[in-house]
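The lines below spell out each chain.
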Amino acid sequence: MTQDELKQAVAQAAADHVAEHLPAGAILGVGTGSTANLFIAALAPIKARLGGAVASSEATRQRLEQLGIRVVDMNEVERLAIYVDGADEIDPGMSMIKGGGGALTREKIVAAVSDTFVCIADASKQVPVLGRFPLPVEVIPMAARQVARQLAALGGTPKLREGFVTDNGNLILDVHGLAITDPVAMETAINQMVGVVTNGLFAARGADLLLLGTAAGVQRLVRN
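Residues numbered from 1 in each chain as written. Predicted model: local features only at pLDDT ≥ 70, side-chain atom pairs only at ≥ 80, totals over all residues. Heavy atoms only, no water.

Q: Can you break down a nonpolar patch on the surface residue by residue, with the values?
A: Judged by side-chain polarity, Ile140, Met142 and Val197 come together as a nonpolar surface patch covering roughly 300 Å² of accessible area. Mapping Met142 onto the fold places it in the loop between strand S7 (135–139) and helix H5 (144–153). (Patch = residues over 30% accessible without salt bridge, like charges linked within 9 Å, V, L, I, M, F, W, Y side chains within 5 Å. Areas by Shrake-Rupley, 256 points an atom, 1.4 Å probe, with all protein chains shown as cover. Salt bridge = Lys/Arg side-chain N within 4 Å of Asp/Glu carboxyl O. Helix = DSSP H or I, 4+ residues; strand = E, 2+ residues; numbered from the N terminus.)

Q: Which residues make up the packing of aromatic side chains, and what values do they have?
A: A complete count under the given rule lists two aromatic pairs for this structure. Ring centres 4.9 Å apart and planes at 50 degrees place the aromatic pair Tyr83 and Phe117 in the tilted group. Placement of Tyr83 in strand S3 (residues 80–85) and of Phe117 in strand S6 (residues 114–122) is noted, with a sequence separation of 34 residues between them. Given the relative accessible area of 0%, Tyr83 is considered buried. Both rings, one in Phe117 and one in Phe202, keep their centres 6.4 Å apart while their planes meet at 80 degrees; by these two values the pair is edge-to-face. (Phe/Tyr/Trp six-rings, centres within 6.5 Å; stacked < 30°, edge-to-face > 60°. Buried < 20%, exposed > 50% of the residue type's maximum accessible area, 1.4 Å probe, protein only.)

Q: Describe the sheet that holds strand S11 (residues 201–202), with residues and values.
A: In space, the three strands of this open sheet follow the order S4-S5-S11, with antiparallel pairing throughout. Each having just a single partner strand, strand S4 (89–90) and S11 make up the two edges of the open sheet. Two elements, strand S5 (residues 96–97) and S11, share two bridges in a ladder whose sense is antiparallel. Considered in S11, the bridge of Ile97 is made with Leu201. (Pairing = 2+ DSSP bridges.)

Q: Summarise the sheet that holds strand S10 (residues 196–199); cite the residues concerned and give the values.
A: Ordered by their spatial adjacency, four strands build an open sheet running S8-S9-S7-S10, and the pairing between neighbours is antiparallel. Of all the strands in the sheet, the pair left with one neighbour each is strand S8 (157–160) and S10. Adjacent strand axes in the sheet meet at a mean angle of 30 degrees, parallel and antiparallel pairs treated alike. Summarising the sheet, S7 and strand S9 (residues 171–176) pair through five bridges and their orientation is antiparallel. Each bridged residue has a counterpart across the sheet, and for Leu135 the counterpart in S9 is Val175. On the sheet, helix H4 (residues 104–112) packs against S7, S9 and S10 and is oriented at approximately 70 degrees with respect to S10. (Axes fitted to C-alpha atoms, helices over the stretch in contact; angles between N-to-C directions. Contact = heavy atoms within 4.5 Å.)

Q: Hey, could you go over the nonpolar core for me, with residue numbers and the actual values?
A: Grouped together as the largest cluster of nonpolar side chains are 27 residues, with contacts concentrated most on Val18, Leu28, Phe39, Leu43, Val84 and Ile120. Going through the elements one at a time, helix H1 (3–21), strand S1 (27–30), helix H2 (34–42), strand S2 (52–55), helix H3 (58–67), S3, S6 and strand S12 (209–214) are the ones with two or more residues in this core. Ranked by residue count, the leading element in this core is H1, at six residues. (Core = buried A, V, L, I, M, F, W, Y, C linked by side-chain atoms within 4.5 Å.)

Q: Which residues make up helix H6 (residues 183–191), and what values go with them?
A: Buried within H6 we find Pro183, Met186, Glu187 and Ile190. Down the axis of H6, the sector holding all buried residues measures 100 degrees, keeping them to one side. For H6, the secondary structure elements touched by its buried residues are H4, S7, H5, S10 and S11. (Arc of directions from axis to C-beta.)

Q: Give me the lowdown on the side chain of Ser114, citing residues and values where you can.
A: In this fold, Ser114 is placed in strand S6. Residue Ser114 is classed as buried on the basis of its relative accessible area of 3%. A polar side-chain atom of Ser114 sits 2.7 Å from the main-chain carbonyl oxygen of Val110. (Polar contact = N/O pair within 3.5 Å; in protein donor to acceptor, adjacent residues only side chain to side chain.)

Q: If you had to explain the pairing of S12 to someone new, which residues and values would you point to?
A: With six of its six residues buried, S12 lies for the most part within the structure. Of the pairings in the sheet, the one linking S6 to S12 comprises five bridges and is parallel in character. Of the residues in S12, the one forming a bridge with Ala121 is Leu212. One ladder, built from six bridges, connects S12 with strand S13 (residues 217–222); its direction is antiparallel. Of the residues in S13, the one forming a bridge with Gly213 is Val218. Connecting S12 to the antiparallel partner S13 that follows it, the hairpin turn spans two residues.

Quick look at the structure:
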């Protein structure tokens, strides 16, 4: 199977999971990225049973609205039963690197209020140690150089994502060359840097269920 076919398979598996486990009329959390886009499309047959969706980015909001799914402001929601999103990398402990599309802060907010985080990914995203994919860090613009120096002190090589501004009006530093053996500690350390909004490590709140697209079919992996 091609990578696109693997993504399509996990997107459909996630839509089936939502159909089975999301109470009728409940609000669904929806992520951002190429696999999440396929998931949105797969929601079409069941959209009538959704009470609406919380979008993790403006791009996702637009796709949901085009499909006829009501988009709900995060401030109107107490909890979400299910949040479905992709990952740039995921390790055996279900910690992830996210933010290749630049929506990491809003994704982290939605994940924080969700009872079940369903990660959808093809097999290429599964790694033994996080860090092969550059770690995105969202920063307040005036703090970019200061934060870059601190990230370099951690052993990485931060690079400004040229020509990109987040939905929140901030910048992204992509940190190359890290081997993240303790994702929770790294996430905490970076988030404590003055000027950092958040970083793309989803470790303190990792995935609960991984739907992994493989040549042998979609595997269901649950966090221990």
